[in-house]
Amino acid sequence: MLPSEEIDTPRGPARIDTDLPARSPSALLVLGHGAGGSVDAPDLLAVRDAAVAAGLTVIRVTQPYRVAGRRAPAPAGHLDEAWTAVLTALRARHHEVPTVLVGGRSSGARVACRTAHAVGAAGVVALAFPLHPPGRPERSRAAELATGLPTLVVNGDRDPFGVPASGPAVQVVTRPGETHDLRRDPAGTADVVRDWLRLHRWATD
């Protein structure tokens, strides 16, 4: 892993943690964290390890509000603005990598979906996508998944935020016994992501 770095955004500095594969990368996977969490969540770390082993460069992005020490998330527009600025910088920095994939867990998955086209992503990895607030299924966020890009959703079957339905470009994998934190079997979640990367030929292992 390379040392952490900060990237300036219109919403303050974001932090990136970069992990490089042993060979020339086949793709760049950029991951964001949950609303009150960090990029060291077990599922994000497991996906990082599996993706790096599969030949991808993986960059985990800490949003400016978390860098500033706040737990309460910034408004959606601010999150999207900061994320887009980071992705612009990363695409320039890693211009030799042909494919950019975006994703994250929970709030980070939503940001990745909302901005996928704006940042030129080829696909989306959505871990613990929060389909609706707990107990409020009428407030569905399913439309955010309708990017038309290949999208993998990995949710626990006991997630109080709900489980999205599969769609034309959206593959949903439900993990038995898992809740919103996907902590029971991070390696199993990472295996699902690795298989999806292989399916789309974004992995080289």
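Placed above this text is the structure.
A rise of 1.5 Å per residue sets the reference length of helix α5 (residues 186–199), with its 14 residues, at 20 Å; its end C-alpha atoms lie 20 Å apart and thus fit the reference within 8%. Within α5, burial applies to P186, G188, T189, A190, V192, V193, W196 and L197. Contacts from the buried residues of α5 go to α1 (42–53), β5 (100–105), β6 (123–127), β7 (151–156) and β8 (170–175). The first or second residue beyond α5 is R201, which carries a positive phi of 60°.

Before going further, it helps to examine the packing of α1 against α5. The interhelical angle for the contact between α1 and α5, taken along N-to-C directions, is 45°, at an axis separation of 8 Å. Viewed along their axes, α1 and α5 adopt a mutual orientation that is oblique. Crossing angle aside, the handedness with which α1 passes α5 is right-handed. When α1 is examined against α5, the residues P42, D43, A46, V47, A50 and A51 are found in contact with a partner set consisting of P186, A187, A190, V193, R194 and L197. A per-class count over the contact of α1 with α5 returns 10 nonpolar, no polar and 2 charged.

Before going further, it helps to examine the pattern of salt bridges. As enumerated under the stated definition, the model contains 17 salt bridges in all. Between E5 and R93 there is a salt bridge, with its nearest N and O atoms 3.1 Å apart. Here R93 lies in helix α3 (residues 76–93) and E5 lies in strand β1 (residues 5–7), a separation of 88 residues in the sequence. Residue classification places E5 among the partly exposed positions, given a relative accessible area of 30%. On the basis of relative accessibility, which here comes to 39%, the residue R93 falls in the partly exposed class. Between R114 and D80 there is a salt bridge, and its shortest N-O distance comes to 2.9 Å. Here the residue R114 occupies a position in helix α4 (residues 107–115), and D80 occupies one in helix α3, the gap between them amounting to 34 residues. Judged by relative accessible area, R114 falls into the partly exposed class, the value being 27%. Salt bridges linked by common partners bring D19, D40, R48, D49 and R60 together as one network.

A full pass over the atoms with the stated rule returns 1 aromatic pair. Consider the rings of W196 and W202, whose centres lie 5.3 Å apart with planes at 65°: the pair is edge-to-face. In this structure W196 comes out as buried when scored by relative accessible area, which is 3%.

The next thing to look at is α4. The buried fraction of α4 is high, at 8 of 9 residues. Buried within α4 are the following residues: S107, G108, A109, R110, V111, A112, C113 and T115. Packed against the buried residues of α4 are β3 (28–32), α3, β5 and β6.

If you trace the 8 strands from one edge of the open sheet to the other, you get β1-β2-β4-β3-β5-β6-β7-β8, paired in mixed fashion. Strands at the two margins of the open sheet, each flanked by one partner only, are β1 and β8. Taking the axes of each pair of neighbouring strands and ignoring which way they run, one obtains an average angle of 20° across the sheet. Bridging between strand β2 (residues 14–19) and strand β4 (residues 57–62) involves 5 bridges; their strand directions are antiparallel. By the bridge assignment, I16 is partnered in β4 with V61.

What counts and what doesn't
Residues numbered from 1 in each chain as written. Predicted model: local features only at pLDDT ≥ 70, side-chain atom pairs only at ≥ 80, totals over all residues. Heavy atoms only, no water. Helix = DSSP H or I, 4+ residues; strand = E, 2+ residues; numbered from the N terminus. Expected span 1.5 Å × (residues − 1). Buried < 20%, exposed > 50% of the residue type's maximum accessible area, 1.4 Å probe, protein only. Contact = heavy atoms within 4.5 Å. Axes fitted to C-alpha atoms, helices over the stretch in contact; angles between N-to-C directions. Parallel < 35°, antiparallel > 145°, perpendicular 65-115°, else oblique. Left-handed = near helix turned anticlockwise from the far one by under 90°. Nonpolar A, V, L, I, M, F, W, Y, C, P; charged D, E, K, R; others polar. Salt bridge = Lys/Arg side-chain N within 4 Å of Asp/Glu carboxyl O. Phe/Tyr/Trp six-rings, centres within 6.5 Å; stacked < 30°, edge-to-face > 60°. Pairing = 2+ DSSP bridges.

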